[in-house]
Every structure is written in structure tokens, then in C-alpha cells.
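Remarks on the overall topology
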Amino acid sequence: MFLEALDVYRYTLHSISLIAAPFHIFGTYCIILKTPKTMNSVKWVMLNLHFWCVVLDILVAVLIVPLLIFPGLAGYPLGILTTWFGVPSIIQIYLNLTLVSTVYASILFIFENRYFQICAKSSSWRHFRVPFIVSCYLLVFTCFIPVCLNQPDQRKALEYTYKVSVFLINFGLPMGYIVLSVLTNYHNQAANNFLFVLIALHGINSTIIMLWAHKPYREVCHTLFYNLKIFFGLSASVPVVMRRPKVSTTVL
């Protein structure tokens, strides 16, 4: 399969990031400038989640470009952090793990914010939510430091992988494939690379879903598409509004 070629794999991820960039910018524009007042309570937590999704997208597709060789629990980065700046692999591993956890934490804060707005504004939780959010971020940015500073050898790492394999399956198809590859000693480099192509699509997928799921942003998209149709001469400049004729009645 063509994804086995390192250059093809690298440029595929770079291309995904390039294609996703205008979607990310448009999503940021919609959140900041087109969020209605009725959604102000979720505006900043949505922007927070969107920001970390974009950062993770850029990290995987441009900065790191991880090449993993399952089931050997081995790999190396191909991104510009390595080729341009010579950043050690262990630091890149830390960045990758931390940003994935940050996205998960940001999703958690979406639900926490919804709970607070609906149920907990007058409860004691209002005194604990800020310390809770701060502690979550502190945990996210520090929990992988001991792991990165105390790297196990390959045999011990493989033993740990067996122990947590059932848990990892719950994270979806990519993580499920990793576990399956390790447990069965199956190696397919094209599939390994395609795994991170799927992960690199996470950012653009989350942005598109956000734009589609919320009516104000969906209306902005409709307006944008309509203006583009006018610009390219595919539609009349003035929309035709169908009005029902007024019916007048005369009482005799």
C-alpha cells in the first residue's frame, strides 16, 4: 500500500493539516463572532475545546508525524520537530500524550459547564468548579512526566500493554487496532500509518461537526455558501421570497 512509503505518509498528514486550516479558522470565527447571546454560557468552553483540537491536529500532522511500528512498541517521529529542530523523541511523546489528555479534559469541561448552567449555579459546586478545572489542567500537564522520565524496557512495556489492553479498546478504532496489533504480533506498516491519518482527521472532523451541530454556525455556513453561489454566478443576487397573496374579505 502506498502509505508504507515514508514520504507519502508524511505528506499525506501535512496535506490533511493544510486542508483543515481554513475549516479551523472559520470555526474560530464562528465561535468568537457568530455565537448568539443565548449561547454565551458555552462560548468560551467551546472555543477552549476547539483550540486544543486544532493544536493536537497540528502536532500530529505537522510537528511530530509519529511513525509507530506495532506490535514492536517502537517508532520514531518524522515531523519538523525532528527534521528541523532536533527535539528529542521523549519530549515529543510527552507533548502528544499531554495534548490528547487536554482534549479529553476540554470535553469534560463542556459537560461540567452544561451541568453548572442548568443545575448547579446555586449549589456548593460553584465554589469548587474553578479549583476543579485548574487541578484538572495541572494533572493533565504533569501526569505523564514520571512516565517519560522512567521509561520501561521493551519487555516490561509489552507486559503492561497486555494488562491494559481491554481498557484501551474502549478508546475506539485506532486504539483498538494498536492493542490488536500488539497482542497478535501483527505488523502492517501501511495500517500503522493509516491509523495516524485517521487521528489527523480528528481536528477537521470536530470542526465540521461543531459547525453543523449548532444552528447559529449552520446559518453562517448557509449564508457563506449562498454568497459564494452569487459570486460565481450560480444564483440570483436577490433571493426570491415566496409570499402568499393577501386575501381581503368584505363583509356585506
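Cut-off values and rules
Residues numbered from 1 in each chain as written. Predicted model: local features only at pLDDT ≥ 70, side-chain atom pairs only at ≥ 80, totals over all residues. Heavy atoms only, no water. Axes fitted to C-alpha atoms, helices over the stretch in contact; angles between N-to-C directions. Helix = DSSP H or I, 4+ residues; strand = E, 2+ residues; numbered from the N terminus. Parallel < 35°, antiparallel > 145°, perpendicular 65-115°, else oblique. Left-handed = near helix turned anticlockwise from the far one by under 90°. Buried < 20%, exposed > 50% of the residue type's maximum accessible area, 1.4 Å probe, protein only. Contact = heavy atoms within 4.5 Å. Core = buried A, V, L, I, M, F, W, Y, C linked by side-chain atoms within 4.5 Å. Domains from an automatic or database assignment. Phe/Tyr/Trp six-rings, centres within 6.5 Å; stacked < 30°, edge-to-face > 60°. Lys NZ or Arg CZ within 6 Å of the ring centre and 35° of its normal. UniProt positions renumbered as here; feature names shortened; annotations may be inferred. Expected span 1.5 Å × (residues − 1). Arc of directions from axis to C-beta. 1 Å grid on protein atoms, 1.4 Å probe; cavity = no way out; pocket = protein on both sides within 12 Å on 5 of 7 lines; lining within 4 Å. Points joined across faces, edges and corners; volume = space filled by probe spheres on them. Nonpolar A, V, L, I, M, F, W, Y, C, P; charged D, E, K, R; others polar. Patch = residues over 30% accessible without salt bridge, like charges linked within 9 Å, V, L, I, M, F, W, Y side chains within 5 Å. Areas by Shrake-Rupley, 256 points an atom, 1.4 Å probe, with all protein chains shown as cover. Salt bridge = Lys/Arg side-chain N within 4 Å of Asp/Glu carboxyl O.

As annotated in an unreviewed UniProt entry, the protein chain carries the name Serpentine Receptor, class H and is attributed to Caenorhabditis brenneri.

Looking at the packing of helix α2 (residues 40-64) against helix α4 (residues 89-120)
Closest axis-to-axis distance for the α2/α4 pair is 9 Å, and the angle between their directions is 165°. As summarised for this structure, α2 and α4 are arranged roughly antiparallel, according to the angle between their axes. Here α2 runs over α4; the crossing is left-handed.

Concerning the environment of F132
Positionally, F132 belongs in helix α5 (residues 129-142). For F132, a relative accessible area of 27% translates into the label partly exposed. Along the sequence, F132 and F109 sit 23 residues apart, while their C-alpha atoms lie 9.8 Å from each other. Leaving out residues up to four positions away in the same chain, F132 has contacts with L108, F109, E112 and W125.

Comments concerning the nonpolar core
Counting residues in each nonpolar core, the largest one holds 30 residues, and the members touching the most others are Y9, L13, V103 and V197. Elements represented by at least two residues in this core include exactly α1 (6-33), α2, α4, α5, α8 (173-184) and α9 (189-200). The greatest single-element share of this core, amounting to 8 residues, is contributed by α2. Counting only domains with at least three residues in this core, you end up with domain 1 (6-151) and domain 2 (156-242). By size, the runner-up hydrophobic cluster in this structure holds 13 residues, among which are C30, M39, V220 and C221.

A closer look at the packing of aromatic side chains
With the rule as written, the count across this model stands at 9 aromatic pairs. Every member of this aromatic cluster is reached through a ring pair, and the members are F51, W52, F109, W125, F132, Y137 and F141. Seen from the ring of F116, R129 lies directly overhead, with NZ or CZ sitting 3.9 Å from the centre.

A short note on the UniProt feature "transmembrane region" (unreviewed entry) in the protein chain
Under the UniProt annotation, "transmembrane region" (unreviewed entry) lies at residues 12-33, 45-70, 90-111, 132-152, 164-186, 193-212 and 224-242. Annotated as residues 12-33, this span is 100% helix and 0% strand, and its ends, taken at the C-alpha atoms, are 32 Å apart.

Here we look at helix α11 (residues 215-231)
With 17 residues, α11 should cover 24 Å at 1.5 Å per step; its first-to-last C-alpha distance of 24 Å lies within 8% of that length. What α11 keeps buried is the set P216, Y217, V220 and C221. Seen along its axis, α11 keeps its buried residues to an arc of 140°; they face one direction. Looking at α11, the residues exposed on the side facing more than 90 degrees away from the buried face are K215 and H222.

Observations regarding unusual backbone geometry
Peptide bonds are mostly trans, and most non-glycine residues show a negative phi. Although it is not a glycine, V65 sits at a positive phi angle of roughly 50°. Within the secondary structure, V65 is located in the loop between α2 and β1 (66-69).

Describing the layout of surface pockets
Here the second largest pocket defines a volume of roughly 320 Å³. Those elements that place two or more of their residues in the lining of the second largest pocket are α2, α4 and α10 (202-213). Examining the composition of the lining of the second largest pocket, we find that 6 residues originate from one element, α10, more than from any other. The residue inventory of the lining of the second largest pocket, partitioned by class, reads 10 nonpolar, 5 polar and no charged. Structurally, the lining of the second largest pocket is a two-domain feature, drawing no fewer than three residues from each of domain 1 (6-151) and domain 2 (156-242).

Considerations on a nonpolar patch on the surface
Taken together, the side chains of L224, F225, L228, F231, F232 and L234 define a hydrophobic patch exposed on the protein surface, amounting to about 690 Å² of accessible area. Relative to the elements of secondary structure, L234 occurs in the segment after α11. For L234, a relative accessible area of 64% corresponds to the exposed category.

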